[in-house]
Amino acid sequence: MAAKIDKTNAARILDRAKIGYELIPYTVDENNLAATHVAEQLGEDIACVFKTLILHGERSGYFVCVIPGDREVDLKAAAKVSGNKKADLIPMKDLLAVTGYIRGGCSPVGMKKTFPTFFHSSALQHPFIYISAGVRGLQLKVEPQPLIEFVKARLCDLVKEQ
């Protein structure tokens, strides 16, 4: 019998919203918290494994960008869609205080406060995507459309060209 997986706050929030998901555990490598490592552990295409980044704009304050795990956020594009002239990733040391999550376990669901959220437009190209369940070692496998609607996210192009 498989070990019981403890539900995270993010999972309980999705339960209350009646949004279906699967909790998928993976082996954490403390020296490699990259989404590419998560995708390898899951045996999934990196294009459907999304990472959650927290940015700060000079006008809007904090906002969230959820992008494919192997891509880099385009700070100019992120600033523009969020109504800022410029935006930067927040310092790692501020992540827990701002979101309630740690690096490698930051979910767009269940942060301390609700922030404007932007998903990369490619999310809807997949029948499901993976996002952090709010702790290292656990991903939420979820249909993108209900998730995006639930977190009131806007779809846009947020990544640098490859």
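Look up a bit, the structure's there.
Residues numbered from 1 in each chain as written. Predicted model: local features only at pLDDT ≥ 70, side-chain atom pairs only at ≥ 80, totals over all residues. Heavy atoms only, no water.

Q: Whenever I open this one, helix H2 (residues 35-42) confuses me. Can you help?
A: All of the buried residues along H2 are Ala35, His37, Val38, Ala39 and Leu42. In this fold, the buried residues of H2 make contact with strand S1 (21-25), strand S2 (50-57), strand S6 (129-132) and strand S7 (138-142). At the exit of H2 stands Gly43, carrying a positive phi of roughly 70 degrees. (Buried < 20%, exposed > 50% of the residue type's maximum accessible area, 1.4 Å probe, protein only. Helix = DSSP H or I, 4+ residues; strand = E, 2+ residues; numbered from the N terminus. Contact = heavy atoms within 4.5 Å.)

Q: How should I be thinking about the nonpolar core in this particular structure?
A: Considering soluble globular proteins, one finds that nonpolar side chains tend to be buried as a cluster. Formed by 31 residues in total, the largest nonpolar core has its most connected members in Ile54, Val109, Phe119, Ile129, Ile131, Leu140 and Leu147. Broken down by secondary-structure element, the contributors of at least two residues to this core are helix H1 (9-16), S1, S2, strand S3 (61-68), helix H4 (95-99), S6, S7 and helix H5 (144-150). Tallying contributions element by element places H1 first for this core, with four residues. Excluding residues that lie within four positions of it along the chain, Ile54 makes contacts with Tyr62, Phe63, Val64, Asp88, Leu89, Ile90, Leu95, Val98, Thr99, Cys106 and Met111. In terms of nonpolar packing, the next biggest core, distinct from the first, is built from 14 residues, Val73, Ala78, Ala79 and Cys156 among them. (Core = buried A, V, L, I, M, F, W, Y, C linked by side-chain atoms within 4.5 Å.)

Q: What should I look at first to understand the packing of aromatic side chains in this one?
A: By the definition in use, this model includes three aromatic pairs. Ring geometry for Phe63 versus Phe118: centroids 5.9 Å apart, planes at 90 degrees, classification edge-to-face. On the criterion of sequence distance, the pair formed by Phe63 in strand S3 and Phe118 in strand S5 (residues 117-120) is long-range, its members being 55 residues apart. In terms of burial, Phe63 and Phe118 fall into one category: buried. (Phe/Tyr/Trp six-rings, centres within 6.5 Å; stacked < 30°, edge-to-face > 60°.)

Q: Which parts of the structure should I look at to understand the sheet that holds S7?
A: Neighbouring strands of a sheet are bound in pairs by backbone hydrogen bonds; such pairs are parallel or else antiparallel. Spatially, S1-S7-S6 is the arrangement adopted by the three strands of the open sheet, whose pairing is antiparallel. Each of the sheet's edge strands pairs with one partner strand only, and the pair in question is S1 and S6. Put simply, the sheet's adjacent strands are angled 35 degrees from each other on average, direction ignored. Sheet analysis places S1 next to S7, joined by five bridges and oriented antiparallel. Bridged to Ile24 within S7 is Gln139. Along the sheet, H1 contacts S1 and S7; its crossing angle with S1, the most-contacted strand, is approximately 165 degrees. (Pairing = 2+ DSSP bridges. Axes fitted to C-alpha atoms, helices over the stretch in contact; angles between N-to-C directions.)

Q: Explain the sheet that holds S3 to me, please; I cannot follow it from the model alone.
A: Reading across from one edge, S4-S2-S3-S5-S8 is the order of the five strands in this open sheet, with mixed pairing throughout. Looking along the sheet, the strands with just one partner apiece sit at the ends: strand S4 (87-89) and strand S8 (154-156). On average, each strand axis in the sheet is tilted by 35 degrees relative to the strand beside it, whichever way the strands run. As defined by bridge partners, S2 adjoins S4 across three bridges and the pair is classed as antiparallel. Residue pairing for S4: Gly57 is matched across the bridge by Ala87.

Honestly, it's all geometry; don't read function into it.
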